[in-house]
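# Architecture and fold: a report
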Amino acid sequence: MTNVRTHVLVCTGGGCIASGALEVSAALREQIERHGLLEEIKIIESGCLGPCAVGPVAAVYPDGVFYQNLRPDDAAEIVEEHLLKGRVVERLVRKAPAGETVPGLHEIDFFQKQVKIVLRNCGVIDPQRIEEYIARDGYQALAKVLAEMTPEQVIDQMKKSGLRGRGGAGFSTGLKWSFTRKAAGDVKYILCNGDEGDPGAFMDRSVLEGDPHSVIEGMAIAAFAIGAHQGYAYIRAEYPLAVERFNKALVQAREYGLLGKDIMGSGFDFDIEVRMGSGAFVCGEETALMTSIEGNRGEPRPRPPFPANKGLWGKPSCLNNVETFANVPVIILKGAEWYASFGTEKSKGTKVFALAGAVNNTGLVEVPVGLPLGEIIYDIGGGIPGGKKFKAVQMGGPSGGCIPKEYLNTPVDYESLSELGAIMGSGGMIVMDDDTCMVDVARFFLDFCQDESCGKCPPCRVGTKRMLEIVTRICEGQGQEGDVERLIELGNVVRDASLCGLGQTAPNPVLSTIRYFRDEYDAHIREKRCPAGVCSALVRAPCQTACPAGVDIPGYVSLIGEKRYAEALALHRERNPFASVCARVCFHTCEDKCRRAGLDEAVSIRGLKRFMAEQEVTVQLPEIRDSEENAQRKIAVIGAGPAGLSCAYFLARLGYRPKVFEAEPRAGGMLVQAIPAYRLPREELAREIRMIERLGVTIETNAKLGRDFTLQSLRDQGYDAVFLGVGAPLGSKLGIPGENADGVADALRFLREYNVRGSVEVGKQVVVIGGGNAAVDAARTALRLGAETVTILYRRTRAEMPAYAEEIDEAEHEGVRLATLVAPLEIVTKDGRVAGVKCRHMALGEFDRSGRRRPVAKDDEDFVVSADQVIAAIGQALGSDEIFNGTKVKLNRSGFIAADPLTGQTSVEWLFAGGDAVLGPWSVVAAIGAGEKAAVGIDKYLTGAEHAFWRTERRPDTEFDPEADPVQYPRAKIHTIPVTKRKHNFQEVELSWSEAVARREARRCLRCDFRPAEDKACGEEI
Amino acid sequence: MTQRITNPRDLKALQEKVKSEIDLRSGPKDLRITVHMGTCGIAAGARDILTALMHELGAAKVENVSLQQTGCAGLCDQEPMLTLTDKAGGSFRYGRLDKNKVGEIVRDHVLRGQPVLEYLIKA
Amino acid sequence: MSDDGIVKCACGEEASEEELLARLDTVLKDYRDKPGALIPVLQIAQGLFGYLPESALKRIALGLDKSYSEVAGVVSFYSFFSTVPRGKHLVRVCLGTACYVRGGKRVLDALKQKLKVDVGETTPDRVFTLEVARCFGACGLAPAIMIDEEVHHRVKPSRIELVLSKYRNGNGDAPVERSAKR
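Computed from a prediction, not measured in an experiment: that's the story for all the values here.

Attention now moves to the interface of chain C and chain A. The partner chain A presents 60 residues to the 45 residues of chain C that form the contact. Counting each side, the surface lost to burial between chain C and chain A is near 4,100 Å², with a carbon and sulfur contribution of 53%. When residues of chain C are sorted by the area they lose upon contact with chain A, F77(C), T97(C) and R134(C) head the list and together hold 18% of the total. Here chain C and chain A share zero salt bridges between them. Where chain C meets chain A, there are 13 residue pairs in polar contact (both at pLDDT 80 or more). For the side of chain C that touches chain A, the leading source of residues is helix 4 (residues 68-77) of chain C, giving five residues. When the residues that make up the side of chain C that touches chain A are grouped by side-chain class, the tally is 20 nonpolar, 12 polar and 13 charged.

What follows is the structure, encoded as structure tokens:
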């Protein structure tokens, strides 16, 4: 076995793969093999190396050379020149911007943006050997203070450094010391708060365990400054290792004479005693901590008098936390100016944060104060695991608050955080993804504070209890209208009237979650739904909760497992008539929440649905409850898309005879106009529309609102209620020069013309602008209609494209080119026709309000992508003038119709709306769900009662053994027809499964819906 | 036994002394392996890693390696982990270790100077 | 070690209550003149007895010259102190935020089911006492549980038995090894 002399790391992060890293890697391998170097040079396809914007990138080690913008043709040169002859290929070398280090083996992103002051020795020295601390300048600061400085000079340095208490409140350390110094009295105490009680914060533990001497030295310097000779370190009993190591460090320091009498011959005496906490959170509060050291119940007392004057045993005392003390020696040695050079105007230095929760790199990070929140979470923390979405970060523990994605660009400093209703606190940073329920989080913290309230003052004791009762009620589905207002009111009282910090801040988590996640509270209270799928009383199975139509997924999946296909389909259509349609086009939020993903991968619910739908021979009609009265009532549904047809379907099941008006010659809305036949065969759609018609629904095509009739004319004809499901049919304008040239089309019109009218003009070189599903559909349709090249331009990265990932993958397989981080500037025209698109490269900049990085133009040169057709797919709008024609209907902030999410009712009482017309371009299944809700809402409006019999949940009668281990099959793949067989036609791309595969997949379901016969608690084990 | 420090000069002298001792220990040809033994590391099995290292180094009769303990490096997610510092001052962090991985690291990196790239912590 | 204020549990050594009270007296003698001695003494006493029996509390009140009600008041304030006997092993489930977010509650439910006790209770065989705690600072490896002084990280409900079996010490139950992936 020969030794590998060189490693080539080819970045195969998402960005680089998108720009062709795999091809580069293959080319390199081929060249290396050609030169017979396989034995000595090893190619490693590594994780993201960082600068995705210049990908594909590769690094050569041990040389430490970093190449960028690689193409497969470069491989030969790199191998011949660099790897064979040792000559670096200069033209490809990355010229790093100032401050950027070459990523490599020695440095990883996690450490790059960090500045280690507090953690300077943690993870570097052996904490159990004082000599190692001394070797790294340990106790030099104490020596300097004792030999060269007066207490006043020390305090002055601390003030100048701008160090603020790291325990949470952020009070100036220098000022605190000077108050204690000035207080009258011979005996003074220096106290170290190591009662790190905020759940999710563990920086103090880490310092006490990893570098105890830095705290001891800091305390000694502080003692000298304030004139104390005795110190106490109060450390949580939950940290036995920290207590052990700190004690050991004390013993060693005493042996060297660095604690005790006459330290280093200066005449200064000082020693420290450890006191262990006993499990009371309130003891982290300074007055409570002192009463606890005194040996009493650790109850806080009102201030003033402040501890600086009357503290421990009534003597002037100064309390700082572990992290604050650990900063002190460095400030003394390197100077206040040096320290103040980190951080912001008002908040100097660095802060340690404990990153935990739903983030890839959990652990401790130390960064200059003021770094944007998003950089900590994404650049250092590595982002959110498992492809989940960032939802919020909880900062400051039970006293803090949640910060949602809109504020990822916020600099993390004391002032900015408190503006957002959070606090710096001790530095706990708990990242939450969309699997976290914010109401449950609020309940968790309230429960915590309620439990830890010492009970001395009633606002805290009683107030938090009342709040907890309300929040618990909400989580259990018993919430009432007005509960949120009651919480806010109570919260304000508790905050204003409590004695100590614990009570004053206890309402924060509730108030801040209400501030940013009011919609989640509303969903719990009004819909009895927990969107995150957490609150067990509201969640039968997380997949079902995630389904906008509320389909009983475990029910039909288990029926498939028992070959009871007709029953399965009937169960599906209880809540969603479009089983076959959704089997093809649904974006399956159910699978995102599937608990099986915790074991291996989610159940392929959509695949199962496809199989199930294919087993249907003759269409079975669902249960209908006939009603003479309802049949007499006239209801109009405008728009035969998924929302309108779903509304009509459920109305018909209640005995109504709704009439559907459709502007186009064919019913189906976006399903027929925009979604190409290769994704959704037309006969499948037609079959399910026919089923709806057979329930007594009439569809009139070529009847356009605003042209053939108006809302008012419907009222005049005696319609009792109207449902508006008109979608968002207008394409948004690009807003760049040249967009009116010949050859520029909008995606919806392009797709509609082909899908409804049968033909559309297609260019040879087509450029599609946008990253949504309409863009991908248009691109793949253009390719099938004979375009030679199709390029999608998108200004962000692939990961941020709103289109479904599987659709993007298939588009690329078929030959669609994807150019990301590219923004169009101008349509280049020649003689009034499109000749190309002038573009600029973008880079990802700051975080914007959508929680994504904002693309910013790079200052390199513009370039032109030549094209003879440009299809714009950058957004859709309602076109409200035409629709309303004088009827006054309220719109929401995005310019769509404002409607009650529960009933679809608009500001006009007889007018209901749902689907894209309300939500903006969204999903088929959301439109179906909205149609159902509006049907129930219309019925309630007309009859005064709810009759949605299909909403009653039934226990499936399928077999399930809760004791058995989950079956071990991996997730079944959905196969597709070969690219060559589909590139030039509209044959359906995806294939169905065999019965054996489907039944096996069905049995992978963990049956989260299962409840033991009498016990309501769920016994699932994952 | 310990010499008491009675003035700042003593401290400087001690620092010089321990510094050179530490330098001597990780002299020009030597490697230093540090196992991160904070609460998180220990909970993740750092003690077993330390034992395995001592065993592997002993079995291979390696003498130019110093083995040390230290605290948490902040990357709890990667625990148990170790840092290997080589003669050139390069430090290599290995994460999510187990006994087998330790064996490979000793065999390849310590004995042959080939870092085991698969186990290096990458962001 | 006792210099460091750390007291190792006396479980395993069979000492009579009289002997233990005698040891407590020695401790009291050492601490009598220290300011704020009550809590450290209680911590040591709990280490000796495994819990804080009334006899010990009375002895402490006497030894430190405090009223029994003051001592009892302090004991009831801090969650670490227990006045009822505890099992040989103290199992504490972290319900700190990070653990909670990563499924600490499910771990607790599994433990309750497995041990057939509720929080604060001890198994009939006196082997385990189940309690909840707030954050051991092992958030990076959530969810965590702490058994005696040992922290176990990334605990999964399905692996609970495996963890417990290490502490059972030939208590009859053989560990059930399961091949849980990841």
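The next point concerns the packing of aromatic side chains. Residue and element names in this part refer to chain A. If you walk through the whole model with that rule in mind, you get 26 aromatic pairs over all chains. A network of ring pairs unites the aromatic residues Y649, F650, F949 and W950 as a single cluster. A cation over an aromatic ring shows up here: R849 above the ring of Y407, its NZ or CZ 5.1 Å from the ring centre. Directly above the aromatic system of Y969 lies the positively charged group of R1000, at a separation of 5.2 Å from the ring centroid.

For the rest of this paragraph, the subject is the pattern of salt bridges. All names here are of chain A. Applying the stated criterion across every chain yields a total of 77 salt bridges over all chains. Here E77 ties to R91 by a salt bridge, and the two come within 2.7 Å at their closest N and O atoms. Within this pair, whereas E77 is found in helix 3 (residues 74-84), its partner R91 is found in the loop between helix 3 and helix 4 (109-112), the two being separated by 14 residues in sequence. With a shortest N-O distance of 3.2 Å, R129 and E132 are connected by a salt bridge. Note on R129: relative accessible area 29%, which makes it partly exposed. Put simply, R573, R584, R610, E614, E616, E684, R687, E688 and E988 are held in one network by salt bridges that share partners.

All names here are of chain A. What the five strands build is an open sheet, ordered 19-27-20-21-22; its pairing is parallel. Each edge of the open sheet carries a strand with a single partner, namely strand 19 (744-746) and strand 22 (817-820). With strand direction ignored, the average angle separating the axes of adjacent strands in the sheet is 20°. When strand 21 (residues 789-794) meets strand 22, the two strands line up parallel, connected through four bridges. Paired with L793 across the strands is A819, a residue of strand 22.

Facing 44 residues of chain B, the contacting portion of chain A comprises 54 residues. A buried area of about 4,000 Å², summed over both sides, lies between chain B and chain A, and 55% of it is on carbon and sulfur atoms. Linking chain B with chain A are zero salt bridges. Linking chain B to chain A there are nine residue pairs in polar contact (both at pLDDT 80 or more). Among the elements of the structure, helix 1 (8-25), strand 1 (31-36), helix 2 (39-43), strand 2 (65-70) and strand 4 (91-94) of chain B are those that each provide at least two residues to the side of chain B that touches chain A. Looking at the side of chain B that touches chain A, the element that brings in the most residues is helix 1 of chain B, giving nine residues. Considered class by class, the residues forming the side of chain B that touches chain A number 18 nonpolar, 17 polar and nine charged.

Residues and elements named next belong to chain A. Close contact between helix 24 (residues 565-575) and helix 27 (residues 605-614) brings their axes to 9 Å; oriented N to C, the two are set at 115°. The orientation of helix 24 with respect to helix 27, classified from their angle, is roughly perpendicular. As helix 24 packs across helix 27, the resulting crossing turns out to be left-handed. When helix 24 is examined against helix 27, the residues Y565, A568, L569 and H572 are found in contact with a partner set consisting of K609, F611, M612 and A613. A breakdown of the residues in the contact of helix 24 with helix 27 according to their chemical character gives six nonpolar, one polar and one charged.

What counts and what doesn't
Residues numbered from 1 in each chain as written. Chains lettered and ligands numbered in written order. Predicted model: local features only at pLDDT ≥ 70, side-chain atom pairs only at ≥ 80, totals over all residues. Heavy atoms only, no water. Contact = heavy atoms within 4.5 Å. Buried area = accessible area lost by both parts, 1.4 Å probe. Salt bridge = Lys/Arg side-chain N within 4 Å of Asp/Glu carboxyl O. Polar contact = N/O pair within 3.5 Å; in protein donor to acceptor, adjacent residues only side chain to side chain. Helix = DSSP H or I, 4+ residues; strand = E, 2+ residues; numbered from the N terminus. Nonpolar A, V, L, I, M, F, W, Y, C, P; charged D, E, K, R; others polar. Phe/Tyr/Trp six-rings, centres within 6.5 Å; stacked < 30°, edge-to-face > 60°. Lys NZ or Arg CZ within 6 Å of the ring centre and 35° of its normal. Buried < 20%, exposed > 50% of the residue type's maximum accessible area, 1.4 Å probe, protein only. Pairing = 2+ DSSP bridges. Axes fitted to C-alpha atoms, helices over the stretch in contact; angles between N-to-C directions. Parallel < 35°, antiparallel > 145°, perpendicular 65-115°, else oblique. Left-handed = near helix turned anticlockwise from the far one by under 90°.

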